[in-house]
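Residue-level listing of the chains:
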Amino acid sequence: MADRLTQLQDAVNSLADQFCNAIGVLQQCAPPASFSNIQTAINKDQPANPTEEYAQLFAALIARTAKDVDVLIDSLPSEESTAALQAASLRQLEEENHEAAARLEEVVYRGDMLLEKIQSALADIAQSQLRTRNGAPSQPSPAES
């Protein structure tokens, strides 16, 4: 939980930095205003000045950081999450863990039994091959006796 709070504090600090930087850059790049001759017409053929680009850049940064802050706030535990609810949730997780451990033990046991059968079969095959290589007759089948 402390990690989320630290992330939230960092995001809020970043948001404050972005606001301050945006205001400072926009003030620095803003053209001087003339109060004696106020023009009402704007020249539309004039290319976009860097102030507009900076405004768009800072608006995007501020919007993204604000979204991050919202996501971090939503990820914090709610007020309904009491100690009793957390304890009940932990008990349920423990029960599920014990059930999974029991299933795992059963699967491991069955795997060990299967391994023993395979090893026994391989030993029988190896013995039969040794007998046939040595020329010793293999065990007679009941029909041959």
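What counts and how
Residues numbered from 1 in each chain as written. Predicted model: local features only at pLDDT ≥ 70, side-chain atom pairs only at ≥ 80, totals over all residues. Heavy atoms only, no water. Helix = DSSP H or I, 4+ residues; strand = E, 2+ residues; numbered from the N terminus. Buried < 20%, exposed > 50% of the residue type's maximum accessible area, 1.4 Å probe, protein only. Patch = residues over 30% accessible without salt bridge, like charges linked within 9 Å, V, L, I, M, F, W, Y side chains within 5 Å. Areas by Shrake-Rupley, 256 points an atom, 1.4 Å probe, with all protein chains shown as cover. Salt bridge = Lys/Arg side-chain N within 4 Å of Asp/Glu carboxyl O. Expected span 1.5 Å × (residues − 1). Lys, Arg positive; Asp, Glu negative; His and termini not counted. Charge placed at Lys NZ, Arg CZ, Asp CG, Glu CD. pLDDT = per-residue confidence, 0-100. Contact = heavy atoms within 4.5 Å.

Bringing the environment of Leu57 into the picture now. Within the element layout of this structure, Leu57 appears in helix α2 (residues 50–75). Using a relative accessible area of 45% as the deciding quantity, one classes Leu57 as partly exposed. Taking the C-alpha atoms as reference points, Leu57 and Ala22, 35 residues apart in sequence, are found 9.0 Å from one another.

Together, Leu114, Ile118, Leu122 and Ile125 line one region of the surface with nonpolar side chains, adding up to about 380 Å² of accessible area. As for its position among the elements, Leu122 is in helix α3 (residues 83–133).

The subject of this paragraph is α2. Its 26 residues place the ends of α2 38 Å apart at the C-alpha level, agreeing with the 38 Å of an ideal helix rising 1.5 Å per residue. Those residues of α2 that sit buried are Thr51, Phe58, Ile62, Thr65, Val69 and Leu72.

Together, Glu94, Glu95, Glu96 and Glu99 give the surface a local cluster of negative charge. Relative to the assigned elements, Glu95 resides in helix α3. Looking at Glu95, the relative accessible area reads 51%, which means it is exposed.

So, on to the confidence of the model for the protein chain. Confidence along the protein chain averages 83 in pLDDT terms, with 79% of residues attaining 70 or more. pLDDT under 50 marks residues 40–47. Its contacts with residues more than four places away, or in other chains, come to zero contacts.

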